[in-house]
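# Coordinate inspection notes
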Amino acid sequence: MALLAASCGAAGMTAGAASPATTEPTGTLRVAPNTNLQTFDPARVQNAQLFYLQPVYDTLLRLDEENTPQPGVAESWEWDGTTATLSLREGPAFADGTAIDAEAVVANIERFATVGGAAFATLSSVEATDDRTVTLTFDGPAPTLLVDLAQAPGMLVNPSSFDGTTFETSPGGTSGPYVLDPSTSAAGDRFVYVPSENYWDASRQTVARLEIVPITDEAARANALQNDEVDVTVLGEAQVDQFISQGFETSSTLGFVWYAVVLDRDGTMLPALADARVRQAMAMAIDREAIAEGVFFGHAEPTTQPYLDGELGHVAALDDALAYDPDAARALLAEAGYADGFELTVPAIPSTQTFAQALANYWSEIGIDTSVELVQAGGMAEQVRSGGYPVFVTPTPIPDPSKWHLWLWTEDAPYNLAWGVVDEELVDMANAAAAPVVADERQAAYDVLFGRVVGDGIIVSVVRGEQIALYADDVSDVVWHTGEFFPDPVGIGVGT
């Protein structure tokens, strides 16, 4: 898993030369994601739209099929948890032919640190020590650095295009295997990419034409795949088995955790939530296996904790913790002084409504009268962050374990600002777990952290849901990487 790889990079890695393409790229690949482009700016893009940028921007590192960092523009690196030294390969250039050197990499990292922020939050300095060497120094934990350098934080834009580029409509000076063809592209309808003449690794240019066709309506995506109007798309669990029976192929990953998080841990809005026994009761009220089958049609793994066996952050002692036991849940509520229950409202958007209602039903069965309030998809995060709801029910791409406290538990975490919960013990646990580079040392600290977070019902994990891509039988190499909402279109083949 990439979560483990990010913490195992102390020894560094060295690459050989790029593999030349054996044939000229042929064919047209048409992929249909479920979300539209917001920006071509790597420093501002959300993971949900990362696939629009992957064809046009190269990255310092790459992720293999096991989500382990591999060489990219950086052919080798050393990382000891405080200092990262990147050695750049000879040959890579921006689309206009300008060489990608250390100064260009420094400029990109400095810009991302200023504009994009979080990935380099503990970066204290970055410098070009010679034309092909970049040194990054950190004054705090950066456990996901190597994985980050294979995603948006590691994308390379020609610094000459930083100013004057309208990233909302077009990419800046590109560095990737493809360039956007503006003459055949239409924002919101179709983005057409063709191979870049100056790209250094022709083996990644697998097709002569790549089309990204955003289709936000699921029924329309299904029809497009059925009618051979697109080659690859993502569909909900309810439709997957039907397409498999028709001969379509799938690529999937258990990439999302579906969970509830208690934000009002001090009981400011809802006093009952300050009692760990109430939160534990909420966790024990949920029949996870029934939800995996009934809500996700079997395309999910029931779990009482965010991480699965073999992943960094998984705690074996929690495998059976707070499992489904409604009678024990009612007893805990009574012990906490809430035998008559209380009322709770949770928000949902259309894509999470069925899941949220399932949780509401289980909580209502033990006496917590729960209603689901449907909100605008684009406005839910703002309403939750502003303190509108004491409990948040949502999926999230499974993050490195270090990310949780940055979102939820520090005093300035986005989802804690409105509540102002101060839990220094929890923050200390999270910082202690993020600091080591060696995975075993991090895991020992996460045994403690998640023992508290899961054991106290602060996070109520329910399932790890599959992200499922469906594609025609002449398509190959559809691969998911950590944190992605859609498979990286670079490297997918068609007609083979």
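Given the structure is predicted, the values throughout are model-derived calculations rather than measurements. (Residues numbered from 1 in each chain as written. Predicted model: local features only at pLDDT ≥ 70, side-chain atom pairs only at ≥ 80, totals over all residues. Heavy atoms only, no water.)

### Some points on the side chain of Thr304
Within the secondary structure layout, Thr304 lies in the loop between strand E14 (300–302) and helix H9 (326–335). Those residues in contact with Thr304 that lie beyond four places of it in its chain are Arg288, Leu318, Asp319, Ala321, Leu322, Ala323, Val454 and Ser461. (Helix = DSSP H or I, 4+ residues; strand = E, 2+ residues; numbered from the N terminus. Contact = heavy atoms within 4.5 Å.)

### Concerning the packing of helix H5 (residues 218–226) against helix H6 (residues 237–245)
Following both chains from N to C, one finds H5 and H6 inclined at 10 degrees, their axes separated by 12 Å at the closest point. Between H5 and H6, the angle falls in the class roughly parallel. Residues Glu218, Ala222, Leu225 and Gln226 of H5 pack against Gln239, Gln242 and Phe243 of H6. Grouping the constituent residues of the contact of H5 with H6 by class yields three nonpolar, three polar and one charged. (Axes fitted to C-alpha atoms, helices over the stretch in contact; angles between N-to-C directions. Parallel < 35°, antiparallel > 145°, perpendicular 65-115°, else oblique. Nonpolar A, V, L, I, M, F, W, Y, C, P; charged D, E, K, R; others polar.)

### Here's the deal with the packing of helix H13 (residues 424–434) against helix H14 (residues 439–455)
Axis separation between H13 and H14 bottoms out at 8 Å; the angle between their running directions is 155 degrees. Classified by the angle their axes make, H13 and H14 are roughly antiparallel. In this structure, H13 meets H14 at a crossing whose hand is left-handed. Contacts between H13 and H14 pair Glu425, Leu426, Met429, Ala430, Ala432, Ala433 and Ala434 from the former with Arg442, Ala445, Tyr446, Val448, Leu449, Arg452 and Val453 from the latter. (Left-handed = near helix turned anticlockwise from the far one by under 90°.)

### Brief notes about the packing of aromatic side chains
Enumeration over the complete set of coordinates arrives at 19 aromatic pairs. Geometrically, the ring pair formed by Tyr52 and Phe191 is edge-to-face, given 5.2 Å between the ring centres and 70 degrees between the ring planes. Residue Tyr52 is found in helix H2 (residues 50–53), and its partner Phe191 is found in strand E10 (residues 191–195); the two are separated by 139 residues along the sequence. Taking 5.8 Å as the distance between ring centres and 45 degrees as the angle between the ring planes, the aromatic pair formed by Tyr199 and Trp200 counts as tilted. (Phe/Tyr/Trp six-rings, centres within 6.5 Å; stacked < 30°, edge-to-face > 60°.)

### Overview of the confidence of the model for the protein chain
On average, residues of the protein chain score 91 in pLDDT, and 95% of them are at 70 or above. Here residues 1–11 is modelled with pLDDT under 50, and outside its nearest four sequence neighbours on either side it reaches 39 contacts, counting other chains as well. (pLDDT = per-residue confidence, 0-100.)

### Some details on the side chain of Thr370
Looking at where Thr370 falls in the secondary structure, it is placed in strand E16 (residues 368–374). Of the residues examined, Thr370 reaches a relative accessible area of 7% and is grouped as buried. In contact with Thr370, other than residues within four places in its own chain, are Leu344, Val346, Ala360, Trp363 and Ser364. (Buried < 20%, exposed > 50% of the residue type's maximum accessible area, 1.4 Å probe, protein only.)

### Overview of the pattern of salt bridges
For the structure on display, the rule yields 19 salt bridges. One salt-bridge network, held together by shared partners, links Arg265, Asp423, Glu425, Arg452 and Asp456. (Salt bridge = Lys/Arg side-chain N within 4 Å of Asp/Glu carboxyl O.)

### Some details on H14
Taking 1.5 Å as the rise per residue, H14 with 17 residues should run 24 Å; its terminal C-alpha atoms sit 22 Å apart, in good agreement. The principal kink in H14, of about 25 degrees, is found at Tyr446. Turning to H14, its buried residues are Ala439, Arg442, Gln443, Ala445, Tyr446, Leu449, Phe450, Arg452, Val453, Val454 and Gly455. The first or second residue beyond H14 is Gly457, which carries a positive phi of 70 degrees. (Expected span 1.5 Å × (residues − 1). Bend = angle between axes of the 7 residues up to and from the residue.)

### Quick notes on H6
By the burial criterion, the buried members of H6 are Glu237, Gln239, Val240 and Phe243. Around the axis of H6, the buried residues are gathered within 145 degrees of arc, so they sit on the same side. Exposed residues lying more than 90 degrees from the buried face of H6 are Ala238 and Ser245. In this fold, the buried residues of H6 make contact with H5, strand E13 (249–262) and strand E18 (459–471). Trailing H6 by a residue or two, Gly247 shows a phi angle of about 100 degrees, which is positive. (Arc of directions from axis to C-beta.)

### A look at the nonpolar core
Ranked by size, the top nonpolar core spans 70 residues in total, and within it Phe40, Tyr52, Leu60, Phe120, Val134, Leu136 and Tyr193 carry the most contacts. Residues contacting Tyr193, with those up to four places away along its chain left out, are Phe40, Tyr52, Pro55, Val56, Tyr178, Val179, Leu180, Asp181, Ala208, Arg209, Leu210 and Ile212. Counting 41 residues, the second largest nonpolar core, distinct from the first, contains Met282, Leu322, Trp363 and Ile368. (Core = buried A, V, L, I, M, F, W, Y, C linked by side-chain atoms within 4.5 Å.)

### Considering unusual backbone geometry
For Asn67, which is not a glycine, the phi torsion comes out positive at approximately 65 degrees. Tracing the chain through its elements places Asn67 in the loop between strand E3 (61–63) and strand E4 (69–71). With relative accessibility at 9%, the residue Asn67 sits in the buried group. Backbone geometry at Phe297 places phi at a positive 55 degrees, although glycine is not the residue there. Relative to the assigned elements, Phe297 resides in the loop between helix H8 (288–294) and E14.

### A word on the pairing of strand E5 (residues 74–79)
Here E5 pairs with strand E6 (residues 83–88) via five bridges, running antiparallel. By the bridge assignment, Glu78 is partnered in E6 with Thr85. Counted between consecutive antiparallel strands, the loop separating E5 from E6 contains three residues, among which Gly81 sits at a positive phi close to 95 degrees. (Pairing = 2+ DSSP bridges.)

### Observations regarding the pairing of E6
The two faces of E6 differ: Ala84, Leu86 and Leu88 on one face are buried, but Thr83, Thr85 and Ser87 on the other face are not. Here E6 pairs with strand E8 (residues 133–138) via five bridges, running antiparallel. Its bridge partner being in E8, Leu86 is matched across the sheet by Val134.

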